[in-house]
Amino acid sequence: MKHSITIAGGGLAGLSLAIGLQSRGVSVTLHEASTYPRHRVCGEFISGVSNETLESLGIGNCLSEATNLQSASWSDASGRLAEMNAPGHGISRWKLDDILQKQFTALGGTLVTNSRIASAPGVIWAAGRPRQPSDWLGLKCHARNLELSHDLEMFTSPDGYVGLAKIEDGKVNICGLFTNRPSSGAKGAGLLISVLRRASLHLLADRLESAELAESSFCGVAGFKPGFQRGPTFSIGDAASMIPPFTGNGMSMAFQSAECALQPALDYASGRIPWREAGEISTAAQAIRFRRRMTAAGLLHHCLTNRTGLKLIGALARRRFLPFQTLLNLVR
Ligand SMILES: Cc1cc2nc3c(=O)[nH]c(=O)nc-3n(C[C@H](O)[C@H](O)[C@H](O)COP(=O)(O)OP(=O)(O)OC[C@H]3O[C@@H](n4cnc5c(N)ncnc54)[C@H](O)[C@@H]3O)c2cc1C
C-alpha cells in the first residue's frame, strides 16, 4: 500500500472502518480521546444493520454476545399507547466498543488511547457528534433488578423521550434525550430520576428508584444537534450525520458509514485516487444512503418533542391508526 491511514475517534464508525482497512492490508493508526472499556451515552439498542454490512467490515461476530430483542412498547405519562415488534440487539457500548478495539489490535492495528487529535488532510474524522449549542441533554445508566414488560420500552413526554433496553448479563440500559433545563442539583442516577419526574414520567421514576442503578455506568452529554453535520472532508458516523436517537439507528449508521468509506479509503491507500476525491466519494455515498431516513427522522423527532405533535401522534397510536411498520422502515 502506498499510504497508511489515520483515524480520529474509536467509536463504532472509527473502529469498524479501522478493522475493515487493517484486515485488507492497510496500516491503520487510530487515535481515541478516551480509553477502553468505557460507557457512552447511547440507548444500546441496535436495529437495522445487515449481516452483509458487518461482514464487509470484517466484524460479522461483533453482536454474538448481544441480547436478541423483539417486542417493544410505547407509553406516555398517562399509560401505554402501543405495542409493536421492533427486532434488534441489545449490547452495552462498554462491551461492544471493547470487543472491536481488541479485534483491531489483534489484527496489528495501532491504537493510541487518551489521544485527542485535530482534523487534518489524511485523517478520517470519526470523532462523533460535534459540540455545538443546543437544547438537548442525553443521560444514560445501567440497572439490575428492573423488570421490563417488553424487550424495549419507550416513553415520550414534551420534555423528551427515554428508552429502556435489555442488554447483556440481564442488565437494562436506560437512556434518554431531554430538554436541557437547569437541574435540581441532583447528580448521577439521581439526576436521571429527577429529569424523569420533571417530564411527569413518575411511574417510570418510581420503578428506577426500586431498581439497582449502577452509578459507575451513569454518563451524560449536552451540546449536540441531530442532523447532517458540517465536518471535515472525510467524515463518518455521527461526525457526518447524527440521526435523532429515538430511531435506534445511529449505531447501524455508524457501521454503514464505515462501509461507505471503505472502498474510497482503500483506493486512497493504494494510491489510485487522491485524498480529497476519496473523501468526496465517501460523503456522496453516505448522503445517498442516509438522506431519506434523516429527513423522516428529523420530522418525527420534531413531532415527538412538542406538545401538539405528541398529542396528535398519541391519539393516532391509541386508535391504532399509526402505521408503525412504515414509520420504522422510513427511518432505517
Ligand atoms: C441519548 C442518545 C441515545 C442513543 N440511543 C441509540 C440507540 O438506542 N441505538 C442506536 O443505534 N444509536 C443510538 N444513539 C446514537 C449512537 O450512540 C451514535 O449514533 C453512535 O455512537 C455513533 O458512533 P460514532 O462512532 O460515530 O461516534 P461515537 O460513538 O460518539 O465515537 C466517537 C469517538 O471519538 C472519540 N473522539 C472525539 N473527539 C476525538 C478526537 N479529536 N480525537 C480522537 N478521538 C476523539 C470519542 O471519545 C468517541 O470514543 C443514541 C445517541 C444519544 C445521544
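Residues numbered from 1 in each chain as written. Predicted model: local features only at pLDDT ≥ 70, side-chain atom pairs only at ≥ 80, totals over all residues. Heavy atoms only, no water.

Let's talk about the state of the cysteines
Consideration 1: Scanning the entire structure with this criterion turns up zero disulfides.
Consideration 2: With no disulfide partner, C42 has as its closest neighbouring cysteine sulfur the one in C175, 6.4 Å distant.
Consideration 3: For C260, which is in no disulfide, the shortest distance to another cysteine sulfur is to C62 and amounts to 17 Å.
Consideration 4: Accessibility expressed as a relative area gives 11% for C260, which makes it buried. (Disulfide = S-S within 2.5 Å. Buried < 20%, exposed > 50% of the residue type's maximum accessible area, 1.4 Å probe, protein only.)

Observations regarding the packing of aromatic side chains
Consideration 1: Across all of its chains, the model carries four aromatic pairs by this definition.
Consideration 2: Ring geometry for Y161 against F246: centres 5.8 Å apart, planes inclined by 85°, an arrangement best described as edge-to-face. Here the residue Y161 occupies a position in strand β10 (residues 160-166), and F246 occupies one in the loop between β14 (241-242) and α6 (250-269), the gap between them amounting to 85 residues.
Consideration 3: Relative accessible area serves as the criterion here: at 4%, Y161 is assigned to the buried category.
Consideration 4: On the basis of relative accessibility, which here comes to 19%, the residue F246 falls in the buried class.
Consideration 5: When the centroid spacing of 5.0 Å and the interplanar angle of 75° are considered together, the rings of Y268 and W275 count as edge-to-face. The pair Y268 / W275 is uniform in exposure class, with both members buried. (Phe/Tyr/Trp six-rings, centres within 6.5 Å; stacked < 30°, edge-to-face > 60°. Helix = DSSP H or I, 4+ residues; strand = E, 2+ residues; numbered from the N terminus.)

Brief notes about the pattern of salt bridges
Pairs can form between side chains of opposite charge once their charged atoms are near each other.
Consideration 1: Applying the stated criterion across every chain, the model contains 16 salt bridges.
Consideration 2: Note that R207 and E153 form a salt bridge whose closest N and O atoms lie 2.8 Å from each other. Of the two residues, R207 sits in helix α5 (residues 202-210) while E153 sits in strand β9 (residues 152-157), which places them 54 residues apart along the sequence.
Consideration 3: Judged by its relative accessible area of 3%, E153 falls in the buried class.
Consideration 4: The salt bridge partner of D206 is R197, with a shortest N-O separation of 2.6 Å.
Consideration 5: Assessed through its relative accessible area of 36%, D206 is described here as partly exposed.
Consideration 6: For R197, a relative accessible area of 25% gives the class partly exposed.
Consideration 7: One connected set of salt bridges, linked through shared partners, spans R38, R93 and D97. (Salt bridge = Lys/Arg side-chain N within 4 Å of Asp/Glu carboxyl O.)

Notes on the nonpolar core
Consideration 1: In terms of nonpolar packing, the biggest core is built from 44 residues, with I5, I7, L17, L21, I124 and F255 touching the most fellow members.
Consideration 2: For this core, the elements supplying multiple residues, two or more each, are β1 (5-8), α1 (12-22), β2 (28-31), α3 (93-106), α6 and α7 (275-304).
Consideration 3: A total of 10 residues in this core trace back to one element, the largest contributor, which is α6.
Consideration 4: If near-sequence neighbours (up to four positions away) are discounted, F255 is found in contact with L12, S16, V49, T53, L54, L57, I59, C62, L96 and L100.
Consideration 5: Listed in part, the 27 residues of the second largest apolar core include A82, M154, F290 and A296. (Core = buried A, V, L, I, M, F, W, Y, C linked by side-chain atoms within 4.5 Å. Contact = heavy atoms within 4.5 Å.)

What to know about the sheet that holds β10
Consideration 1: Read from one edge of the open sheet, eight strands run β3-β5-β4-β9-β10-β11-β8-β12, paired in mixed fashion. The sheet is open, and its two edges are formed by β3 (45-46) and β12 (212-222), each paired on a single side.
Consideration 2: Where strand β8 (residues 136-144) lies against strand β11 (residues 172-179), eight bridges are found, and the strand directions are antiparallel. Along β11, the bridge assignment pairs L137 with F178.
Consideration 3: Sheet contacts for helix α4 (residues 188-198): β8, β10, β11 and β12; angle to β12, the most-contacted strand, approximately 70°.
Consideration 4: The strands that helix α8 (residues 307-318) touches are β4 (67-76), β5 (79-90) and β9; relative to β4, the one it contacts most, it runs at about 115°. (Pairing = 2+ DSSP bridges. Axes fitted to C-alpha atoms, helices over the stretch in contact; angles between N-to-C directions.)

Some thoughts on the site of the ligand
Consideration 1: In the vicinity of the ligand lie 35 residues, with E32, G43, F45, R93 and M251 positioned nearest.
Consideration 2: The contact in question runs from an oxygen atom of the ligand to an N or O atom on the side chain of R38, over 2.9 Å.
Consideration 3: Burial of the ligand by the protein chains amounts to 95% of its free accessible area of 1000 Å².
Consideration 4: For the shell around the ligand, the per-class residue count stands at 15 nonpolar, 12 polar and eight charged. (Near = heavy atom within 4 Å. Polar contact = N/O pair within 3.5 Å; in protein donor to acceptor, adjacent residues only side chain to side chain. Areas by Shrake-Rupley, 256 points an atom, 1.4 Å probe, with all protein chains shown as cover. Nonpolar A, V, L, I, M, F, W, Y, C, P; charged D, E, K, R; others polar.)

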